[in-house]
Amino acid sequence: KGENAGGPNDINDARKLQISKDQFDAFIDRHSGQSMLIPEPNTVMQNSYLLLDEELRFLDCSENGKVPSQSILEVGVEQALSQAGFDDLMFHKRGGIYAWTRERSISN
């Protein structure tokens, strides 16, 4: 279920790119020495990100699909967000709040 699931009304068929949980876990194990690796399995990502489509509708992925909310242009962010299936607890659990500062390097 979803826009890339290979159904008759879907945009694309991404099934050949799908991997199992065991394959994902093996990849993470093989690359665990990489400091920049931040593993995020589907169970973590599914509802802890906010997705907007081209009509500025949040996409609710909580039922393994992408159900659009009403557009934020029509009903405002608060009402549209209430239709997004967003998991605030998982967002915080995965460390979704970042410190967006970093030192700038000035080169000559």
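Scroll up for the structure.
An account of the accompanying structure is given in this report. Note that this is a predicted model, so its numbers are computed, not measured.

With respect to a nonpolar patch on the surface
Right, so step 1: Taken together, the side chains of Met45, Tyr49, Leu51, Tyr98 and Trp100 define a hydrophobic patch exposed on the protein surface, amounting to about 560 Å² of accessible area.
Right, so step 2: Here Trp100 is to be found in the segment after α5 (88-93).
Right, so step 3: With relative accessibility at 74%, the residue Trp100 sits in the exposed group.

Brief notes about the pattern of salt bridges
Right, so step 1: Tallying each qualifying case throughout the model produces 3 salt bridges.
Right, so step 2: Of the charged contacts, one joins Asp25 and Lys21 as a salt bridge, the two residues approaching to 2.7 Å between their closest N and O atoms. Here Lys21 and Asp25 lie together in helix α1 (residues 21-30), a separation of 4 residues that amounts to about one turn.
Right, so step 3: Lys21 sits in the exposed class, given a relative accessible area of 61%.
Right, so step 4: Close ionic contact of Glu55 with Arg57 constitutes a salt bridge, the shortest N to O distance being 3.8 Å.
Right, so step 5: By relative accessible area, Glu55 is classed as partly exposed at 44%.
Right, so step 6: Where salt bridges share partners, they join Asp53, Glu55 and Arg57 into one cluster.

Structural notes on the packing of aromatic side chains
Right, so step 1: Evaluation of the coordinates by the stated rule reveals 1 aromatic pair.
Right, so step 2: Ring geometry for Phe86 versus Phe91: centroids 5.6 Å apart, planes at 55 degrees, classification tilted.
Right, so step 3: By relative accessible area, Phe91 is classed as buried at 18%.
Right, so step 4: The ring of Tyr49 has Arg94 lying over it, and the distance from NZ or CZ to the ring centre is 3.7 Å.

Describing empty space enclosed by the protein
Right, so step 1: Overall, the coordinates contain 1 cavity of 30 Å³ or more when judged by the stated rule.
Right, so step 2: Looking at the largest cavity, its volume works out to about 30 Å³.
Right, so step 3: Along its surface, the largest cavity is lined by Gln46, Asn47, Tyr49, Leu51, Leu59, Cys61, Ala84, Gly85 and Phe86.
Right, so step 4: Among the residues making up the lining of the largest cavity, the classes are represented as 6 nonpolar, 3 polar and no charged.

Rules used throughout
Residues numbered from 1 in each chain as written. Predicted model: local features only at pLDDT ≥ 70, side-chain atom pairs only at ≥ 80, totals over all residues. Heavy atoms only, no water. Patch = residues over 30% accessible without salt bridge, like charges linked within 9 Å, V, L, I, M, F, W, Y side chains within 5 Å. Areas by Shrake-Rupley, 256 points an atom, 1.4 Å probe, with all protein chains shown as cover. Salt bridge = Lys/Arg side-chain N within 4 Å of Asp/Glu carboxyl O. Helix = DSSP H or I, 4+ residues; strand = E, 2+ residues; numbered from the N terminus. Buried < 20%, exposed > 50% of the residue type's maximum accessible area, 1.4 Å probe, protein only. Phe/Tyr/Trp six-rings, centres within 6.5 Å; stacked < 30°, edge-to-face > 60°. Lys NZ or Arg CZ within 6 Å of the ring centre and 35° of its normal. 1 Å grid on protein atoms, 1.4 Å probe; cavity = no way out; pocket = protein on both sides within 12 Å on 5 of 7 lines; lining within 4 Å. Points joined across faces, edges and corners; volume = space filled by probe spheres on them. Nonpolar A, V, L, I, M, F, W, Y, C, P; charged D, E, K, R; others polar.

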